[in-house]
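An overview of the molecular structure
Here are the chains, one letter per residue:
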Amino acid sequence: MHVPDGFLDAPTSVATGVVAAAGVAVALRGAHRELDDKTAPMAGLVATFVFAGQMMNFPVGAGTSGHLLGGALAAVLVGPFTAVLCISVVLLVQALLMADGGITALGTNITLMALVGVVVGWGVFALLRAVLPKRAALVAPAAAVAALLSVPAAAAVFTALFAIGGTVPVDTGAVLAAMVGWHVVIGTGEAVITCLVVGSVVAVRPDLVYGARPVLAARRLEIRRPGVTA
Amino acid sequence: MGAGHGHRLHFHGHSPVHRAPAHLKLLALVAFMLLVVATPRDWYPVFAAHLAVLLSVILVSRVPLRYLLPRMVIEVPFLLFALLVPFVAHGPQVEVLGVEVSEPGLLAAFALVVKGSLGVLASLTLAATTEPDEVLRGLQRLRMPALIVSIMGFMVRYLDVVTGDLARMTTAMRSRGCDPRSPRHWPTLARSLGALFIRSYERGERVHLAMLSRGYDGALPDLRRTP
């Protein structure tokens, strides 16, 4: 899903670059609140984790495979601002050191995957968390729904960009249907993996999951005495 | 395990392109690619000129083409998409090799392939001639926010460590009969990804403590040239 050079015209690429720079600037301010002076090493290691997670391919069907985008996953695990930074840095490293994703499309890729992916993912997750009962078991399903919706949302924004600055004379409606349809399938895989990963971290180290903190705060310490039934 | 911080694309050399300051190379890459992307799709001689410029840079860098070309497979999924375009695009139809295809679609697909391939080849040239540390120093020189540069620095430093962790975990799973490609084993796969997250996060905490004990005050010292 990395957009290559030449897919969108130059003005659109520059405009999304400006949007991406503004979004990353906001995230830089916010990440200090989430992690204080730990930001650089923690975000660096989480970015490396997201990169490693993206290396794991899962079969989507029809012989193709998708890989984790990780926007919703990172947002739930480390918080939205740090997640935007992590995904942006992953895309920067992939563009500069791995030739994956065009350099002029870097702004587009950051806007789609880091900004839209994380903002939609976190928005859906925060909404569900506010509505659902505060139980640790519900963090992972909420993250799954967030992942499921964030991927087609990024695809829909891509289609909008394509309608504005696309270089291919294809009917926008057809692109929208194909992109969103295809990404619902990818989003389903993303949702399953996100749910399982968040579930496994919540089970072992719930204190590490940023999205689970309000749930943990609502927990009461329970002291049970042996032989005494409550 | 901590060895080999060079990345997989770097091609060791001492050409003028290798020695050029990284920030100039980064600026040149962005300027070149903006020019390529802004070129109207039917200016064929200009594309030939772009390719000639790029090939002459590669020639000067003395990175063999047979090193760069196999690494262009990264754009294959995108090429498949470009192949589809002439069939789904609208506009007047022309017949090519007995198949009806859209003429503007054909032109657009040509432009996509040319621009995309030029982009991949140019990025590969940068990656092949520039050490990751140099890229970081270049970004620093270009006034990239310090926090982004240091996050990227940590990522470059721990990339091989974390992917090594993942590779060992995958080997361990495979040797116990797990097939990471089968959806039946997704729960196992996801648990190991969860474990990888915890290991990475805890490694980050240990690195932070180690940095504090060496006098870290929130700002990294300048990225010095390592001997």
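Residues numbered from 1 in each chain as written. Chains lettered and ligands numbered in written order. Predicted model: local features only at pLDDT ≥ 70, side-chain atom pairs only at ≥ 80, totals over all residues. Heavy atoms only, no water.

**Things to note about a nonpolar patch on the surface**
The condition that has to hold: Excluding any residue in a salt bridge, patches collect residues exceeding 30% relative accessible area, merging like charges within 9 Å and nonpolar Val, Leu, Ile, Met, Phe, Trp and Tyr side chains within 5 Å. Each accessible area value is a Shrake-Rupley result obtained with a 1.4 Å probe; residue values ignore everything except the protein chains displayed when judging cover. We define a salt bridge as a side-chain nitrogen of Lys or Arg found within 4 Å of a carboxyl oxygen belonging to Asp or Glu. Helical segments are the DSSP runs of H or I of at least four residues, strand segments are the runs of E of at least two, and each set is numbered from the N terminus. Note on exposure labels: buried denotes an accessible area under 20% of the residue type's maximum, exposed denotes more than 50%, and partly exposed covers the range between, all computed with a 1.4 Å probe on protein chains only.
A grouping of A:Val14, A:Val18, B:Val30 and B:Leu34 is seen on the molecular surface, where their side chains present a nonpolar patch of about 300 Å² in accessible area. Contributions of two or more residues to the nonpolar patch are made by helix H1 (10-35) of chain A together with helix H2 (22-38) of chain B. Among the secondary structure elements, B:Val30 is positioned in helix H2. On the accessibility criterion, B:Val30 (35% relative accessible area) is partly exposed.

**Quick look at the interface of chain B and chain A**
Size of an interface, as often reported, equals the accessible area lost when the parts are brought together. Note the cut-off: Whether two residues touch is decided by their heavy atoms; if any such pair falls within 4.5 Å, the residues are in contact. Once two parts are brought into contact, the accessible area they lose, counted with a 1.4 Å probe and summed over both, makes up the buried area. Here a polar contact is recorded for every N or O atom pair within 3.5 Å, except that within protein the pair must consist of a potential hydrogen donor and a potential acceptor, and residues adjacent in sequence are included only if both atoms are side-chain atoms. For this scheme, ten residues count as nonpolar: Ala, Val, Leu, Ile, Met, Phe, Trp, Tyr, Cys and Pro. Four count as charged, namely Asp, Glu, Lys and Arg, and the remainder, Gly too, count as polar.
At the interface, 70 residues of chain B touch 66 residues of chain A. If you sort the residues of chain B by the area they bury against chain A, B:Met155, B:Trp186 and B:Phe197 come out on top, with a joint share of 13%. Linking chain B to chain A there are one salt bridge. The residue B:Glu202 makes a salt bridge to A:Arg205 at a minimum N-O spacing of 2.2 Å. Linking chain B with chain A are one residue pair in polar contact (both at pLDDT 80 or more), by the criterion used here. Of all elements in the fold, only H2, helix H5 (76-88), helix H6 (103-129), helix H7 (132-141), helix H8 (146-175) and helix H9 (186-213) of chain B reach the threshold of two or more residues within the side of chain B that touches chain A. In terms of residues, the side of chain B that touches chain A owes the most to one element, H9(B), which gives 21 residues. Among the residues forming the side of chain B that touches chain A, the class breakdown is 50 nonpolar, 13 polar and seven charged.

**Structural notes on the pattern of salt bridges**
All names here are of chain B. Per the counting criterion, the structure on display carries seven salt bridges over all chains. The closest approach of N and O atoms between Asp-165 and Arg-199, which form a salt bridge, is 3.4 Å. Of this pair, Asp-165 sits in helix H8 while Arg-199 sits in helix H9, and the two are 34 residues apart along the sequence. Take Asp-165: its relative accessible area is 4%, and that puts it in the buried class.

**A word on the side chain of A:Thr48**
On the secondary structure map, A:Thr48 appears in helix H2 (residues 39-55). If sequence neighbours within four positions are ignored, A:Thr48 has contacts with B:Phe154, B:Met155, B:Tyr158, B:Leu159 and B:Val162.

**Remarks on the packing of helix H3 (residues 71-78) of chain A against helix H5 (residues 106-131) of chain A**
Residue and element names in this part refer to chain A. The line we're drawing: To get an axis, fit a line to the C-alpha atoms, keeping to the stretch in contact for a helix; angles then go from 0 to 180 degrees between the N-to-C directions. Comment on the angle field: the value is read as roughly parallel under 35 degrees, roughly antiparallel over 145, roughly perpendicular from 65 to 115, and oblique elsewhere. Left-handed is the label given to a crossing in which the near helix is rotated counterclockwise from the far helix by less than a right angle, and right-handed is the label when the rotation is clockwise.
Contact geometry for H3 and H5: axes closest at 8 Å, N-to-C directions at 55°. Between H3 and H5, the crossing angle belongs to the class labelled oblique. Where H3 crosses over H5, the handedness of that crossing is right-handed. Contact residues: Gly-71, Ala-72, Ala-75 and Val-76 in H3; Gly-117, Val-118, Gly-121, Trp-122 and Phe-125 in H5. Broken down by class, the residue content of the contact of H3 with H5 amounts to six nonpolar, three polar and no charged.

**So, H5(A)**
Stated formally: Between the first and last residue of a helix there are one fewer steps than residues, each counted as 1.5 Å, and that sum is the expected span. The seven residues ending at a residue and the seven starting there each receive a fitted axis; the angle between those axes is the bend at that residue.
In a regular helix each residue adds 1.5 Å, so 26 residues correspond to 38 Å; H5(A) covers 36 Å between its end C-alpha atoms and thus fits that length. Within H5(A), the axis deviates most sharply at A:Val116, by approximately 25°.

**Concerning the side chain of A:Thr82**
Within the fold, A:Thr82 resides in helix H4 (residues 80-97). For A:Thr82, the residues in contact, after removing those within four places along its chain, are A:Ala31, A:Glu34, A:Leu35 and A:Ala43.

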